[in-house]
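Below, each chain spelled out in residue letters.
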Amino acid sequence: MTNATEFAPDLNVQGIQPPLRLADFKLIAFDMDSTLINIECVDEIADAAGRKAEVAAITEAAMQGVITDYKESLRQRVALLRGVSVEHMQQVLRDRLRFNPGARELIAAAKAAGLTTLLVSGGFTFFSDHVKAGLGIDLARANVLEMEGGQLTGRLVDQPWGDICDGAEKRRTLLEVASLMGISPSQAIAVGDGANDLPMMGVAGLSVAYHAKPAVRAQAKVAINEGGLDRLLEVLS
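Described below are features of the structure shown in this document. (Residues numbered from 1 in each chain as written. Predicted model: local features only at pLDDT ≥ 70, side-chain atom pairs only at ≥ 80, totals over all residues. Heavy atoms only, no water.)

### Some remarks on empty space enclosed by the protein
Stage number 1. Taken as a whole and assessed by the stated rule, the structure comprises one cavity of 30 Å³ or more.
Stage number 2. As a volume, the largest cavity reaches approximately 140 Å³.
Stage number 3. If you trace the largest cavity, you find 16 residues lining it, with Asp33, Glu40, Tyr70, Gly122 and Gly123 closest to the centre.
Stage number 4. Going through the elements one at a time, α3 (70-79) and β4 (116-124) are the ones with two or more residues in the lining of the largest cavity.
Stage number 5. Taken together, the residues of the lining of the largest cavity break down into five nonpolar, four polar and seven charged.
Stage number 6. Taken together, domain 1 (5-38 + 99-235) and domain 2 (41-95) each give at least three residues to the lining of the largest cavity, which thus spans both. (1 Å grid on protein atoms, 1.4 Å probe; cavity = no way out; pocket = protein on both sides within 12 Å on 5 of 7 lines; lining within 4 Å. Points joined across faces, edges and corners; volume = space filled by probe spheres on them. Helix = DSSP H or I, 4+ residues; strand = E, 2+ residues; numbered from the N terminus. Nonpolar A, V, L, I, M, F, W, Y, C, P; charged D, E, K, R; others polar. Domains from an automatic or database assignment.)

### Brief notes about the packing of aromatic side chains
Stage number 1. Under the criterion given, the structure shown has one aromatic pair.
Stage number 2. Judged by centre distance (5.2 Å) and plane angle (70°), the ring pair of Phe126 and Phe127 falls under edge-to-face.
Stage number 3. By relative accessible area, which is 0% here, Phe127 ends up buried. (Phe/Tyr/Trp six-rings, centres within 6.5 Å; stacked < 30°, edge-to-face > 60°. Buried < 20%, exposed > 50% of the residue type's maximum accessible area, 1.4 Å probe, protein only.)

### Description of the pattern of salt bridges
Stage number 1. Counted by the stated rule, this structure contains 19 salt bridges.
Stage number 2. Between Arg141 and Glu176 there is a salt bridge, with its nearest N and O atoms 3.7 Å apart. Within this pair, whereas Arg141 is found in strand β5 (residues 139-148), its partner Glu176 is found in helix α7 (residues 167-181), the two being separated by 35 residues in sequence.
Stage number 3. Using a relative accessible area of 17% as the deciding quantity, one classes Arg141 as buried.
Stage number 4. For the salt bridge of Asp197 with Lys170, the shortest nitrogen-to-oxygen distance reads 2.6 Å. Here Lys170 lies in helix α7 and Asp197 lies in the loop between β7 (188-192) and α8 (198-203), a separation of 27 residues in the sequence.
Stage number 5. For Lys170, a relative accessible area of 0% corresponds to the buried category.
Stage number 6. One salt-bridge network, held together by shared partners, links Glu44, Asp47, Lys52 and Arg96. (Salt bridge = Lys/Arg side-chain N within 4 Å of Asp/Glu carboxyl O.)

As structure tokens, then:
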């Protein structure tokens, strides 16, 4: 954040005058990996294939914005997952995936204020379905891993809206949902942590960086650098 002020310890704001009213917004969109949950799912699946270091390096470069073609970076990573069993993915889900602190509280507050909740992820439906159900999120879009005989093929399944949910697709999904709701994008909040969240954060009325990469913190109107997601409620009354 270039012109950011510290609103509270490790909670920075720029371009807004808090407190804002949560009820003035109608939609809140969340990234999943490292935002709503504590892990990058693709890295943890790769751990099973003994390829975590390779995959994590590509993930980090994509998140920092060093690799600009997110779709290609995801295809590269998914290809490295070939042969991983569904059992291992269930183990990641059971043993490693946790909701980040404050996720439940923020979503409950948003729903109580009448907002629609949206999950848009460059990750996978295998995990996003669980997160959507567990947090009571209204809508979700994520990528589908192709499976054959209980194992990953190393490919993604094409969906009616396209092949991969990248930054451009996250932005398009937020705009599409806002349009269907009959609201302006300025009535949306977008929460994320990586470079592929910047397109949707750029069109939302309020952009929130959660424990984010420096490039994302620099552009967000709110940056939560310590503590849980519910710290957003310090800015939104």
